[in-house]
Amino acid sequence: MDARITLRVDGRDRSLTVDTRTTLLDALRDHLSVTSPKKGCDHGQCGACTVLLDGRRVVSCLTFAVAHDGADVTTAEGLAEGGEPHPVQRAFLEQDGFQCGFCTPGQICSAVGMLEEVKAGHPSHVTDDLTGPVTLDDEEIRERLSGNLCRCGAYVNIVAALREEADS
Amino acid sequence: MTVQDRVVGTPSPRVDGRAKVTGIAAYAYDRPVDDPVYAHPLQATIARGRVAAIDDVAAAGVKGVLAVVTHRDAARLADTEDAELSVLQSDEVAFRGQFIGVVLAETPEIARHAAGLVRVEYDEEPHDTELRADRTDLYAPEQVNGGFATDTDEGDVDAAMAAAAVTVDEIYTTPMEHNNPMEPHSTVAIWNPGGGFPEAPRLTLFDSTQSVHSVRSTLARVFGLRPEQVRVVSPYVGGGFGSKGMAHAHNVLAVLAARAVAGRPVKLALTRHQMFSLAGHRTPTIQRVRLGADEAGRMTAVAHEAVEHTSKIKEFAEQTAVGTRMMYAAPNRRTSHRVAALDVPVPSWMRAPGEAPGFFGLEVAMDELAAACGLDPIELRARNDPRSDPESGRPWSGRHLVRCLREGAARFGWEDRPVVPGTRRRGRELVGMGVASSTYPYYRFPGSRAVVAYGGRGRYTVRIGAADIGTGAWTVLTQIAADALGCPLGAVSVEIGDSGLPSATVAGGSSGTTSWGSTIVAACRSFRRVYGDDPPPGAEAGDDMPENPDAERYSMHSFGAQFAEVRVDADTGEIRVPRMLGVFSVGRVINPRTARSQFIGGMTMGLSMALLERSVLDHRTGHVINHDFAEYLIATNADVMDVDAVWLDEEDVHAGPLGARGIGEIGIVGAAAAIANAVHNATGIRVRDLPITPDLLLR
Ligand code: FES
Ligand code: FES
């Protein structure tokens, strides 16, 4: 069964017809040629497909496109406004927070979403005080980004990149 | 003569960095193509036997399905000698998960759905997937991976062991492991129905590979084409770790599919599940290590005997014990490799094949020997550091293992290590430290060529079909070219990842920078020789990789010292690794930024190997049952705390014009042993089987 939907992707309205079985990830990649979200597992286990959906980070392989008619989707490509890297992207460049780059767009979307969650005071598994403001120390960064696997092993540099962000 | 340093040695940011952080870097599957067809493979659900019947009527009837290709109708291959690549050529099933067909459809959803409708009947035969050291059918392969001798035997190990004051004789095991690069193996294949040549290639592949030229030559052979009729393009590669070092069955399947819908591009990406049967793996190993020493800890004997598996259809014999041949100065030395050919998927290269599992066995045994001698493990290694290569007798081009160990000890605070294992407690946790040696050979593979072209206005292009799989090759090759041409970094663009470029060898064996880099230096010098410093626009010159006669005269290896601190929860057995430090001696470092990332990336994979990774083969079904990231665990961000790497400031004057050896693999070698040794130091429990899981530490 097909459905007609509209997504606002990286600031542009895109209308498309999708099979109701099409994931948001495949809609972006195969239908709209928006390929910065990557498919590492298609099972919600790696985070490579992370995008910001209405401002929140989601693994786009685990949700159907048809469920998001009218939604706003921001990918790593869209974070770079006018081609200028987002501060988190600049920090990744500075700290060499990647190697092959395949997990990277997902890491970056996840990090941007995560920083918002921290600002909003969301606690994580390692937060001691569940009611107060969150201090984004290394342990918090690691915990909050553990949904994004990196087989190249760039974690130490990813944490360094976000430490820079947390301090600024 | 070495190249004049200007940008070599500086931490230049990655030339591909911006494309990667913004996500616009197009990996194989991302290539925009017109009117694509989507492929979903069919896999055998038995481990051995024959396909008796395939009912694809329902699948073929689904609207949008273009073809179901199986052994009954797939094109015949021109060359089927490599059984791994002999895809859909018969009804035979040699391992579970093997390709038995492929469904082609207008959308991925339709292809997948239809694949689920295909009914297959088998004539099943008994299979055997279990590696044991007491199997009676173990055999000695003709040679092991890398072209090394299967066995070596110097002196009399048995007599030396019998006479030794102190001995260690233990069995160490490492499990089957999977490379699992984050980017699944992906291919977009286009078969040109018109034949095309010479106007257009007959076959074009956008592929995720560590070697465009080897994929090209392999597929040309398999499909009976001339290499010039095949083009393989692969500028961005989402990791490989050896698993993309050569063409695998999915490449052949994609081309068979492309022939079935000639003219239309076929997109095939293996699923994560499929990668566990079809993209290579590291063999499990059973290693017997015997060490003998006198009271002062001077070694008299070292024996390393490895048992491993391969597939019945294709032999891959890992060189597990080869590193032991040159590592320590014992007059009596023996190494051997015995292999069981089983009904398993085809094993292959995984980061530091040989050294990675082999140095778990050897370096844990060394820790045991140090304890048995009452010596500090660093001191034991220093006492047995050979002056020349014990195996070849050649002088070292530079062996600085002991310097690495001592430097690391000072930086890591080694003097604070508890002398008696299991005696230091902080709260609920037992803490300890461990060390292990690391090494990796200097490989350079002949067969590369580079071409330099001047475009005018001070701009040069350097072409070579190399691959950057995350190593930073693109960046370091640009640095090397800029220095060799004597121009600024920004004046050079290096083109890689296309078989239309001059030939390049594989991104493997930590050989890329040395092989391609020295080729680029030669090409730049040829260019300057012909055109001088003021070339006309359009000027072009190339050269091949220069010989390095020193490679025959010296024993050339990188070395390193791996340090780890662990904390083990005394009640739950949970293991944390708060600190790892690697000190490496690798010759000259071309780019400290990308080099450090390579080292710590390898060490992180070593941590993952130590504590998490294990592919579980269910011997009843021949199936790797934990075939996804929920069950096959790799290190996550929260598992990795402080991992750092430093290196000696040096140059290997025997390692060609760059003075550099390789760095991509040494980071994983010895890392798991350092952690295992630290676990012993913390808990007093000696774990000889990877991975080290909490249950092993509960008493
Ligand atoms: S592809 Fe979505 S989590 Fe892995
Ligand atoms: S950069 Fe390669 S997987 Fe993260």
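As shown above, the structure is provided for reference.
Conventions we followed
Residues take numbers from 1 onward in each chain, read along the sequence in its written order. Chain A is the first chain written and ligand 1 is the first ligand written, with later ones labelled in order. Where local features are concerned, this predicted model is filtered to residues with pLDDT of at least 70; where side-chain atom pairs are given and counted, the filter is 80 or more; whole-chain, interface and lining totals use all residues. Each side-chain value is worked out from all heavy atoms of the structure, with water and hydrogens disregarded. Helix and strand definitions follow DSSP, with helices as H or I runs of at least four residues and strands as E runs of at least two, each counted in order from the N terminus. Both definitions apply: the radius of gyration is a C-alpha atom measure, and the globule rule equals 2.2 Å times residues to the power 0.38. For the area figures, the Shrake-Rupley method with a 1.4 Å probe applies, and any residue is considered shielded solely by the protein chains shown. For this count, His and the chain ends are skipped, Lys and Arg are scored as positive, and Asp and Glu as negative. Charge positions come from single atoms, namely NZ of Lys, CZ of Arg, CG of Asp or CD of Glu. Two strands pair if DSSP finds at least two bridges between them. To get an axis, fit a line to the C-alpha atoms, keeping to the stretch in contact for a helix; angles then go from 0 to 180 degrees between the N-to-C directions. The buried label goes to any residue with under 20% of its type's maximum accessible area, the exposed label to any with over 50%, and the partly exposed label to all in between, with areas taken from a 1.4 Å probe on protein chains only. Contact definition: two residues touch when any of their heavy atoms are within 4.5 Å. Accessible area that two parts lose when put together, with a 1.4 Å probe and added across both, is what the buried area reports. Here a salt bridge means any side-chain nitrogen of Lys or Arg lying within 4 Å of a carboxyl oxygen belonging to Asp or Glu. Polar contact is the term for a pair of N or O atoms within 3.5 Å; when the atoms are in protein, one must be able to donate a hydrogen and the other to accept it, and sequence-neighboring residues count only if both atoms are side-chain atoms. Lining residues are defined by having an atom within 4 Å of a point belonging to a cavity or pocket. Those points lie on a 1 Å grid over the protein atoms alone, cavities being sets where a 1.4 Å probe fits but cannot get out and pockets being open sets with protein on both sides within 12 Å along at least five of seven lines. Grid points are joined across faces, edges and corners, and a volume is the space filled by probe spheres set on the points. Under the scheme applied here, ten amino acids are nonpolar (Ala, Val, Leu, Ile, Met, Phe, Trp, Tyr, Cys and Pro), four are charged (Asp, Glu, Lys and Arg), and all others, including Gly, are polar.

Moving on: the overall build of chain A. Secondary structure assignment for chain A yields six helices and five strands. Ordered by position from the N terminus, the helices and strands of chain A form the series β-β-α-β-β-β-α-α-α-α-α. Whereas a compact globule of 168 residues would reach a radius of gyration of roughly 15 Å, chain A reaches 16 Å, a difference of no more than 12%. Summarising its shape, the C-alpha atoms of chain A cover approximately 45 × 35 × 30 Å along the three principal directions. Put simply, chain A shows about 6700 Å² of open surface, and 46% of that area lies on carbon and sulfur atoms. Of the charged side chains in chain A, 16 are positive and 27 negative, and the gap between their average positions amounts to 6 Å.

The subject of this paragraph is unusual backbone geometry. Cis geometry marks the peptide bond from L690 of chain B to P691 of chain B; its omega dihedral reads -10 degrees. Within the secondary structure, P691 of chain B sits in the segment after α15 (671–683). Phi is positive for D96 of chain A, which is not a glycine, with a value near 55 degrees. Here D96 of chain A shows up in the loop between α3 (87–95) and α4 (104–119). Positive phi values are uncommon outside glycine, yet N180 of chain B reaches one of about 50 degrees. Examined against the element boundaries, N180 of chain B turns out to sit in the loop between β8 (166–174) and β9 (186–191).

Glancing now at the sheet that holds strand β5 (residues 72–74) of chain A. Residue and element names in this part refer to chain A. Taken together, the five strands give an open sheet; going across it, the order is β2-β1-β5-β3-β4, and neighbouring strands pair in mixed fashion. Of all the strands in the sheet, just β2 (12–19) and β4 (56–59) have a single pairing partner and so form its edges. In this sheet, adjacent strand axes meet at a mean angle of 40 degrees when their direction is disregarded. Relative to β2, strand β1 (residues 2–9) runs antiparallel, the two being bridged by eight bridges. By the bridge assignment, R4 is partnered in β2 with T17.

Our next topic: the side chain of S510 of chain B. All names here are of chain B. Inspection of the secondary structure assignment puts S510 in the loop between β20 (492–495) and α12 (512–531). By relative accessible area, which is 12% here, S510 ends up buried. Ignoring sequence-local partners within four residues, the contact set of S510 consists of Y440, Y443, G662, I663, G664 and E665.

It is worth spelling out the interface of chain B and chain A at this point. Put simply, an interface is often sized by how much accessible area is lost when its parts join up. Listed by partner, the interface residues are 57 residues for chain B and 50 residues for chain A. Summed over both partners, the interface of chain B with chain A comes to about 4300 Å²; 54% of that surface belongs to carbon and sulfur atoms. Per-residue buried area on chain B facing chain A is highest for V21, M182 and N637 of chain B; these three make up 19% of the total on that side. One salt bridge in this structure joins D30 of chain B and K38 of chain A, with 2.6 Å as the shortest N-O distance. Summed over the shared surface of chain B and chain A, the number is 32 residue pairs in polar contact (both at pLDDT 80 or more). In terms of residue count, helix α14 (residues 592–611) of chain B provides more of the side of chain B that touches chain A than any other element does, 10 residues in total.

Residue and element names in this part refer to chain B. Of the volumes computed, that of the largest pocket is approximately 730 Å³. Lining the largest pocket we find 46 residues, and of these G508, G509, S510, S511 and E665 sit closest to its centre. Listing elements by their share of the lining of the largest pocket, those giving two or more residues are α11 (473–485), α12 and α14. Residue contributions to the lining of the largest pocket peak at four residues, all from α12. Grouping the constituent residues of the lining of the largest pocket by class yields 21 nonpolar, 21 polar and four charged.

Another point: the sheet that holds strand β14 (residues 299–311) of chain B. All names here are of chain B. Across the sheet, which stays open at both edges, the five strands sit in the order β7-β15-β14-β13-β8 with mixed pairing between neighbours. Only two strands of the sheet have a single neighbouring strand rather than two, namely β7 (152–154) and β8. This sheet shows a mean twist of 10 degrees between the axes of neighbouring strands, independent of strand direction. Alignment of strand β13 (residues 285–293) against β14, held across nine bridges, turns out to be antiparallel. Directly across from Q287, in β14, lies its bridge partner A306. Strands β8, β13 and β14 of the sheet are contacted by helix α8 (residues 355–373), whose axis makes an angle of about 150 degrees with β8.

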